[in-house]
Amino acid sequence: MIKDLTEGNPSKVLINFSLPMFVSAVFQQLYNMADSIIAGRFAGEDALAAVGASYPVTMIFMAIAMGCNIGCSVVISQFFGAKDYDKVKTAVSTTIIASVVLSAVLTVVGLLTSTFIMKAINTPENIFADSKLYFDVYIGGFIFLFLYNVANGVFNSLGDSKTPLYFLIGSSLGNIVLDLIFVAVFHWDVAGVAWATFIAQGIACILAVISLIKRLRGLETKEKPVYFSSMMLGKVTVIAIPSILQQSFISIGNMFIQGCVNSFGSSVIAGYSAGVKLNTFALTCYTTIGNAMSNFTAQNIGAGKIARVKKGLKAGILFNYAIIIPILIAFIVFGKQMIGLFLTTESTDAINCGVLFLKIISPFYFAVAAKILVDGLLRGSGAMVAFTTSTFIDLILRVILAYIFAGMLGSETGIWLSWPFGWTIATCVTLAFYFKGGWKKARVY
């Protein structure tokens, strides 16, 4: 259902819009974790390490898809808030056409450079073949992932956060079932995990695009919209490129961190893979509310309602903090059991490594959750310089400090310590941009 986010109680509107997106994020992360849990439990520690070693690289491609998702979502939200449905349709069709071309190019590049990339991040020889296999299959289905994310971004920009939830639930459950069949029954190991994701994502993509086309036909326009507009592509690009750079540099930074982690051996890789999956689950929950804040901000900026944006921000931060408390308890009190979901009891060193990672970073979720919400506001308003600056500070600090601390301490613990430092400083920068107030004057139309 298409929904106007510029009317009604701001806090209630944002929370009601956010909830389906939050549930979607939970399901998405559950099936991402299912890949690792099934790989670790049924195929062994090396299989988990193989999937984990290629994870930061696959996230670079995911980052590009997410950046385009955000770019089109912000632009379409502002046009939708201004009730300019002709431009809404043009923005959607332009983004889809550009996405098909870009995803095809990236697929070819990824397949041609996969061996080089896996060597560049110091993937150990004992898991190299499986890591490359997982990456190749993942990239082979990248066009599905790309279009699926763009479709979800469009649904959210129209105020419809429920339709993406339904597709994601179906995709998640399908992926888990296929994981169990391919890995636990057929014993395809890492290949089974990869192909399960490929098939589930492909089906979800096709259904999402068909549903989106039907939904857009319901919007009445004054004249026949243009299917492709270079001017509209420019508007989307203005938001998309900083978002892609933000998402990509985070992934590239994580890839450098993964390279540092890889130098400590497969047990540390396995423990980190389990820990980072749980951490990604937490951060995705906060980021999802931040994305909802972007759509909420964009629609209200388009309608000229600045006061509603501030009220929405307060509600979003409180929502995120309510989410943090159970996650914090689970990670600190039950960390061993959480990491144990991914590994058998024989993998003692790997489990201890993952537990320590969670205990070090999770208390700082309060800082990063606030940063993510304000980032969402800055991005939704079109204040991309402020948004990008704070993100890069976080990334650069985490990468540099990971290598410095790891060298000083001579262990992987130094890598874990870099996360809180980067988050805290970047949060202060983000808040400074918000209180400065430049975001109130930003526009994309």
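Residues numbered from 1 in each chain as written. Predicted model: local features only at pLDDT ≥ 70, side-chain atom pairs only at ≥ 80, totals over all residues. Heavy atoms only, no water.

Asks: Please clarify how the packing of aromatic side chains should be interpreted in this entry.
Replies: Each aromatic ring pair is described using two quantities: the centre-to-centre distance and the angle formed by the ring planes. One pass over the structure, following the stated rule, counts 20 aromatic pairs. Pairing F61 with F135 gives two aromatic rings, centres 5.9 Å apart and planes at 65 degrees, and the pair type is edge-to-face. In this pair, F61 sits in helix α2 (residues 45-81) while F135 sits in helix α4 (residues 125-140), placing the two residues 74 residues apart along the sequence. This pair shows no difference in class: F61 is buried, exactly as F135 is. On the basis of an interplanar angle of 70 degrees and a centroid distance of 5.1 Å, the ring pair of Y434 and F435 is categorised as edge-to-face. Take F435: its relative accessible area is 67%, and that puts it in the exposed class. In textbook terms, an aromatic cluster arises when at least three aromatic residues are bridged by ring pairs, as seen for Y272, Y286, F331, F357, Y365, W416, W419 and W423. Lying across the ring of W419, R398 places its NZ or CZ 4.5 Å from the centre. (Phe/Tyr/Trp six-rings, centres within 6.5 Å; stacked < 30°, edge-to-face > 60°. Helix = DSSP H or I, 4+ residues; strand = E, 2+ residues; numbered from the N terminus. Buried < 20%, exposed > 50% of the residue type's maximum accessible area, 1.4 Å probe, protein only. Lys NZ or Arg CZ within 6 Å of the ring centre and 35° of its normal.)

Asks: Which parts of the structure should I look at to understand the side chain of S211?
Replies: The residue S211 is located in helix α7 (residues 189-216) in this model. For S211, a relative accessible area of 18% translates into the label buried. Apart from the residues within four sequence positions on either side, S211 is in contact with F155, T163 and F167. (Contact = heavy atoms within 4.5 Å.)

Asks: Even after reading the chapter, I still don't get the side chain of S294, so can you show me in this structure?
Replies: Tracing the sequence through the fold places S294 in helix α9 (residues 266-302). On the basis of relative accessibility, which here comes to 4%, the residue S294 falls in the buried class. Within the structure, S294 has its side chain in polar contact with the backbone oxygen of G376 (distance 2.8 Å). Excluding anything up to four places from it in sequence, S294 contacts G376, R379 and G380. (Polar contact = N/O pair within 3.5 Å; in protein donor to acceptor, adjacent residues only side chain to side chain.)

Asks: Help me out: how do you make sense of the state of the cysteines in this one?
Replies: Where two cysteines share a covalent bond between their sulfur atoms, that bond is called a disulfide. Enumeration according to the criterion identifies zero disulfides in this entry. The thiol of C260 is not disulfide-bonded; the next cysteine sulfur, from C353, is found 12 Å away. Note on C260: relative accessible area 6%, which makes it buried. (Disulfide = S-S within 2.5 Å.)

Asks: What am I meant to see in the nonpolar core here?
Replies: Taken as a class, soluble globular proteins show a tendency for nonpolar side chains to be buried jointly. With 136 residues, the main nonpolar core has Y286 and Y365 as its most contacted residues. The dominant element in this core, judged by the number of residues it contributes, is α2, at 21 residues. Each residue touching Y365, except ones within four places of it in the same chain, is listed here: N279, A282, L283, Y286, I324, I327, F331 and W423. (Core = buried A, V, L, I, M, F, W, Y, C linked by side-chain atoms within 4.5 Å.)

Asks: Explain unusual backbone geometry to me, please; I cannot follow it from the model alone.
Replies: Backbone geometry places H187, a non-glycine residue, at a positive phi of 60 degrees. Looking at the secondary structure, you find H187 in the loop between α6 (162-185) and α7. By relative accessible area, which is 55% here, H187 ends up exposed. In this structure, D189 is a non-glycine residue whose phi angle is positive, near 55 degrees. Inspection of the secondary structure assignment puts D189 in helix α7. Since its relative accessible area comes to 34%, D189 is described here as partly exposed.

Asks: I'm lost on the environment of S171 in this one. Help?
Replies: Within the secondary structure layout, S171 lies in helix α6. Sequence separation of S171 and I203 is 32 residues, and the distance between their C-alpha atoms is 7.7 Å.

Asks: Sorry, what's going on with the environment of D375 here?
Replies: Relative to the helices and strands, D375 is located in helix α13 (residues 365-381). Relative accessible area serves as the criterion here: at 5%, D375 is assigned to the buried category. Linking D375 and A406, residues 31 residues apart in sequence, is a C-alpha distance of 29 Å. Filtering out sequence-adjacent residues up to four positions away, D375 remains in contact with F387, S390, T391 and T430. Polar contacts involving the side chain of D375 include one to the side chain of K371, which spans 2.6 Å.

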